[in-house]
2 protein chains.
Amino acid sequence: MATMAVENYLKHVLLLSEGGDGLVSMGALAGALEVVPGTVTTMIKALADEGLVEHQPRHGVRLTHDGRRLALSVLRKHRLVETFLVNVLKMDWSKVHEEAEQLEHAISDEVLDRLDALLGHPATDPHGDPIPTRQGKISSQVYGTLATCVVERDVRVVRILEQSPEFLQFAEHHRLQPGAMLHVVDRNLTAGMVTLKPGTGRAIAMSLTAAGKILVQPER
Amino acid sequence: MATMAVENYLKHVLLLSEGGDGLVSMGALAGALEVVPGTVTTMIKALADEGLVEHQPRHGVRLTHDGRRLALSVLRKHRLVETFLVNVLKMDWSKVHEEAEQLEHAISDEVLDRLDALLGHPATDPHGDPIPTRQGKISSQVYGTLATCVVERDVRVVRILEQSPEFLQFAEHHRLQPGAMLHVVDRNLTAGMVTLKPGTGRAIAMSLTAAGKILVQPER
DNA sequence: ACTTTTATTTTGACTCTTCAAAGTAGCGTG
DNA sequence: CACGCTACTTTGAAGAGTCAAAATAAAAGT
């Protein structure tokens, strides 16, 4: 069985390799895992010996087939646990990440399957992050963001990329949660601002940076 | 924060000190924790330095106030998680111990409180073991066993002490679960057998040893 | 091309938890 | 009271995961 540390390393390699399609840098990993770079080198060498990652010294690391399988299983646990905490225990979605960080290493496949059934086999977690299937498939659909979509158009929020408690609280306050409908009123590149009109309630203004963290789907 | 190992040592000191009212022997701890005796000595010395246990060399160990507080909190997590797994996820009660063993170290107080509320603040877990309150109170009511109670009398099962998967499966098969009503038909000391008649279904015979693991309450 | 900066790796050390095996204290029996 | 059994403790070593700081390789600037 993989230790907690191993599971965390693999999970973060997976998360960091989304987007930047090739190798994950050691520094990025060190940052994400909150350890010093030397520790990452040590650990990655061990994981490479176990056949879980492929390490190209001085360049970076990528998951092997086995490593990816394990990483997806950890991610599945994380996201299903988050969904449970929000949907069943009604916890604040800005706090569940921390909790899931611990629980993802303690939960068995059997419990996970039952949780999955209890929740109705959700496709995404409360932040809109896709939940890998038991077979290790994960949706990789590409969406636009509030910083890039066409203006004067109705869109539906599908995912919040930035998941710091502060940002999530901000988003919740304005009901910017997956499923929410919005009209994109204006985007001003000079001022770096986007203006939105929710279906109900008053207009929302936010920076392009923030807007770039919110994935949306054109509606109709 | 206490590590998993620390939590486990404290929990087992607590469990082993139920009944044998004074000191817990190092050997008993080694057995319960499945480590060699030398390891226990090492760890207990460390816990004594932290003020969590009181160690009387060559005689045994007992919890301090702080140690007991922590141990009760772990036990509360364990038993509430078991209750959740059985009552909500409908898992087999013979398997939940293993699962809870892991989860008890990963669950936060906040999640625990919500779980407790979801379950309706249960007083006991599915095996009838009392669940410590958030304030660290634990019911220590004394019950008779099927091996000691008066014959020709109706009793109600309140707790199963032996919790190996095999014994629990045996108990479940005969519906010997907390809440079940029984008539104690006969006890034969020579043969070492007890005969029971459930409210519904055919008579059950079991050894005195097995009967001694089932706590009951006289009914009416 | 040479130098500076930055990212990565190496080295040595430390903590935590464990084991195996050797040593020692306590206890009961004769 | 000495003997021997059992329980406990000590000692030395190991693996996992980490850090700090020195060494090195790659990338970027001038």
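See above for the structure.
Bear in mind the structure is a predicted one, so any value in this text is a computation, not a measurement. (Residues numbered from 1 in each chain as written. Chains lettered and ligands numbered in written order. Predicted model: local features only at pLDDT ≥ 70, side-chain atom pairs only at ≥ 80, totals over all residues. Heavy atoms only, no water.)

A.B. asks: Quick question: what am I supposed to make of the nonpolar core here?
C.D. replies: Side chains of a nonpolar character, in soluble globular proteins, are inclined to be buried together. Counting 78 residues, the largest nonpolar core has Leu146(A), Ile214(A), Leu146(B) and Ile214(B) as the members making the most contacts within it. Apart from residues lying up to four places away in sequence, Ile214(B) is in contact with Gly144(B), Thr145(B), Leu146(B), Val157(B), Arg159(B), Ile160(B), Phe167(B), Leu176(B) and Met206(B). Val24(B), Val53(B), Leu63(B) and Leu72(B) belong to the second largest nonpolar core, which has 22 residues in total. (Core = buried A, V, L, I, M, F, W, Y, C linked by side-chain atoms within 4.5 Å. Buried < 20%, exposed > 50% of the residue type's maximum accessible area, 1.4 Å probe, protein only. Contact = heavy atoms within 4.5 Å.)

A.B. asks: Even after reading the chapter, I still don't get unusual backbone geometry, so can you show me in this structure?
C.D. replies: Most peptide bonds are trans, and most residues other than glycine sit at a negative phi. Residue Arg58(A) is not a glycine yet carries a positive backbone phi of 70°. With respect to the helices, strands and loops of the structure, Arg58(A) is situated in the loop between β1 (53-56) and β2 (60-63). (Helix = DSSP H or I, 4+ residues; strand = E, 2+ residues; numbered from the N terminus.)

A.B. asks: It is not clear to me how the pattern of salt bridges should be interpreted in this structure. Could you clarify?
C.D. replies: Between side chains of opposite charge, a pair can form when the charged atoms approach closely. Residue and element names in this part refer to chain A. A complete count under the given rule lists 24 salt bridges over all chains for this structure. We note a salt bridge from Arg76 to Asp113, for which the minimum N-O separation is 3.9 Å. Taken together, the residues span a long stretch of sequence, with Arg76 in helix α4 (residues 65-87) and Asp113 in helix α6 (residues 109-118) at a distance of 37 residues. The exposure class assigned to Arg76 is buried, which follows from its relative accessible area of 6%. Ionic pairing is found between Arg114 and Glu110, a salt bridge with its closest N-O pair at 2.9 Å. (Salt bridge = Lys/Arg side-chain N within 4 Å of Asp/Glu carboxyl O.)

A.B. asks: Just to check I follow, could you spell out the packing of helix α1 (residues 4-17) of chain B against helix α2 (residues 26-33) of chain B for this structure?
C.D. replies: How two helices pack is summed up by the angle between their axes together with the distance between the axes. All names here are of chain B. Packing of α1 against α2 leaves a shortest axis separation of 10 Å and a crossing angle of 120°. If you check the angle between α1 and α2, you find them oblique. Here α1 runs over α2; the crossing is right-handed. Between α1 and α2, the contacting residues are Asn8, Tyr9, His12, Val13 and Leu16 on the first element and Ala28, Leu29, Ala32 and Leu33 on the second. A class-by-class count of the residues in the contact of α1 with α2 yields 7 nonpolar, 2 polar and no charged. (Axes fitted to C-alpha atoms, helices over the stretch in contact; angles between N-to-C directions. Parallel < 35°, antiparallel > 145°, perpendicular 65-115°, else oblique. Left-handed = near helix turned anticlockwise from the far one by under 90°. Nonpolar A, V, L, I, M, F, W, Y, C, P; charged D, E, K, R; others polar.)

A.B. asks: Explain the sheet that holds strand β3 (residues 144-145) of chain B here, please?
C.D. replies: To summarise the sheet geometry, strands pair through backbone hydrogen bonds and adopt either a parallel or an antiparallel arrangement. Residue and element names in this part refer to chain B. Spatially, β3-β8-β4-β5-β6-β7 is the arrangement adopted by the 6 strands of the open sheet, whose pairing is antiparallel. Single-partner strands in this sheet number two, and they are β3 and β7 (204-207). Both strand β4 (residues 153-160) and strand β5 (residues 181-188) contribute to a ladder of 4 bridges, which runs antiparallel. Each bridged residue has a counterpart across the sheet, and for Arg156 the counterpart in β5 is Met181. (Pairing = 2+ DSSP bridges.)

A.B. asks: What am I meant to see in the interface of chain A and chain B here?
C.D. replies: A common way to report how large an interface is uses the accessible area buried once the components associate. With 19 residues of chain A at the interface, the matching set in chain B holds 19 residues. Sorting the residues of chain A by area buried against chain B places Leu89(A), Ala106(A) and Arg114(A) first, and these three jointly supply 31% of that buried surface. On the surface where chain A and chain B come into contact, there are 2 salt bridges. Looking at the side of chain A that touches chain B, the elements with two or more residues in it are α4, α5 (96-103) and α6 of chain A. The biggest single contributor to the side of chain A that touches chain B is α6(A), with 5 residues. When the residues that make up the side of chain A that touches chain B are grouped by side-chain class, the tally is 12 nonpolar, 2 polar and 5 charged. (Buried area = accessible area lost by both parts, 1.4 Å probe.)

A.B. asks: Can you walk me through the relation of the copies chain A and chain B in this structure?
C.D. replies: One chain copy maps onto the other through a rotation about an axis and a shift parallel to that axis. Its rotation angle being 180°, the transformation that places chain A on chain B also includes 0.1 Å of axial translation and leaves an RMSD of 0.1 Å. On this basis, the relationship between the two copies can be described by a two-fold rotation axis. Interface overlap between copies is the fraction of interface residues in one copy that are interface residues in the other; for chain A against chain B it reaches 100%, indicating a shared surface. (Least-squares fit on C-alpha atoms with pLDDT ≥ 70 in both.)

A.B. asks: Could you clarify how one ought to interpret the protein's contact with DNA strand C in this entry?
C.D. replies: Close contacts around DNA strand C come from 21 residues, with Gly27(A), Lys45(A), Arg58(A), Thr3(B) and Thr39(B) the closest. Counted by atom, the contact set of DNA strand C within 4 Å of the protein is 73% sugar and phosphate. Within the side chain of Thr3(B), an N or O atom sits 2.4 Å from a phosphate oxygen of DNA strand C. Val36(B) places a polar main-chain atom, nitrogen or oxygen, 3.0 Å from a phosphate oxygen of DNA strand C. The set of elements that each furnish at least two residues to the surface near DNA strand C consists of α2 (26-33) and α3 (37-49) of chain A together with α1 and α3 (37-49) of chain B. By residue number, the principal contributor to the surface near DNA strand C is α3(A), which donates 4 residues. Of the residues that constitute the surface near DNA strand C, the class distribution is 8 nonpolar, 9 polar and 4 charged. (Near = heavy atom within 4 Å. Polar contact = N/O pair within 3.5 Å; in protein donor to acceptor, adjacent residues only side chain to side chain.)

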